Amino acid sequence: MVPSSNPDLHPLIRKLESIFDLTAEERHGIAKLQVTIRDLKADQDIVRDGDRPSQCCLILEGFAFRYKALEGGKRQIFSFHIPGDVPDLQSLHLTVMDHALATLTASKVAFIQHETMRSFLHAHPRIGDAFWRDTLIDAAVFREWMVGIGRRDARTRIAHLFCEMFVRMQAVGLAHDGGCDLPITQAELADALGLSTVHVNRSLQSLRSAELIELTRGRLTVKDWDGLQEAGEFDSTYLHLRPPAARAA
Amino acid sequence: MPRFYFDSTVNGEAVPDSEGVVLPSVAAARQEAMMAAAEMAKDDDPCPKEIMIVVRDGPVSEPIATVRLSLACDDPE
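Reference entry: report on the structure contained in this document. Note that the coordinates shown come from a computational prediction; the quantities given were computed from them, not determined experimentally. Per-chain numbering applies: the sequence of each chain, read as written, is numbered from 1 onward. Throughout, the order in which chains and ligands are written sets their labels, letters from A for the former and numbers from 1 for the latter. Restriction of local features to residues with pLDDT of at least 70 applies here, the model being predicted, together with a cutoff of 80 or more for giving and counting side-chain atom pairs; totals for whole chains, interfaces and linings are based on all residues.

**Focus: the environment of B:Val21**
The line we're drawing: Helix and strand definitions here come from DSSP, where helices need a minimum of 4 consecutive H or I residues and strands a minimum of 2 consecutive E residues; each element is numbered from the N-terminal end. Whether a residue is buried, exposed or partly exposed is read from the other C-beta atoms within 10 Å of its own C-beta, which are placed from the backbone; 20 or more gives buried, 12 or fewer gives exposed, and intermediate counts give partly exposed. Once C-beta atoms are placed from the backbone, any two residues with those atoms within 7 Å are in contact.
With respect to the helices and strands, B:Val21 occurs in strand 3 (residues 21–22). Under the C-beta neighbour-count criterion, B:Val21 is labelled buried, with 26 such atoms within 10 Å. For the pair B:Val21 and B:Met1, spaced 20 residues apart in the sequence, the C-alpha separation amounts to 9.9 Å. Excluding residues within four positions of it along the chain, B:Val21 makes contact with A:Ala187, A:Thr197, A:Val198, B:Arg3, B:Phe4, B:Phe6 and B:Glu32.

**Here's the deal with unusual backbone geometry**
Note the cis peptide between B:Cys47 and B:Pro48, where omega equals 0°. Summarising the element assignment, B:Pro48 is placed in the loop between helix 1 (26–42) and strand 4 (49–56). Despite not being glycine, A:Glu211 has its phi angle at roughly 55°, a positive value. Following the sequence through the fold, A:Glu211 ends up in the loop between helix 7 (197–209) and strand 10 (213–216). Its 10 C-beta neighbours within 10 Å are what place A:Glu211 among the exposed residues.

Rendered as structure tokens:
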């Protein structure tokens, strides 16, 4: 029998299938997964720094980000998350949150109790491996951001982030017509890239006037992919994506 | 909170700001402009570098502050 899929959790299936082909049994396991789905507003904390969560969350729709708030209202954004991501997976093993997770836009999120997640992963070890792999890629992304914040100039940093987001969205089928949703404000870009908003604004204008990208109403359009990769010194190796040819049609 | 606009010019290349940034006060806007100028000094453009940031408190208002930063590396006389 082909198990009916839980349509709500489709983003998780899409994410996992960007890594390997799921068996019917694994799909069935996802369909049976007990979750609590909630609609959250933009800029809402999902988990706070210092929390001891008993559940982790799967982004179904919208965008989220991880950050640390600093003295005087400053903050550093560590990563942006897209549908199919489980951005607080680490709470399964690390009891206390050492940073916060919040929605960037209005989002639909599935909460999965840690106990439920544990038995799900024991029953489906390949999915456990895929989640482990995902946390390793998470670390690879942090390394790349560290290179950016430490050593790349502002324009290169922004171009690199756009390349990264576009390729990640593409990998889970969320890029269309040479672009993807990217509802990140200039202030959020500044907090992610360690720049002032004014500097982000100027560098964005430079990427626009070089006709590499357009960024309007929360959508990124890539006008010159080769040029954007060059401007961002971007090489997607660190994302360890499955070649499209290896994916099931 | 008010919105401030920061037009920047680096080595004659002017980029007007049409979006603006929401900041708590004029003092914060001045600080933001100085920070941005210092960051722009670190960008990969060629030296010498002349950076100017004009701060306005409306999209078409008169400037309320101007930050200038000049970066040169001269040979010994």
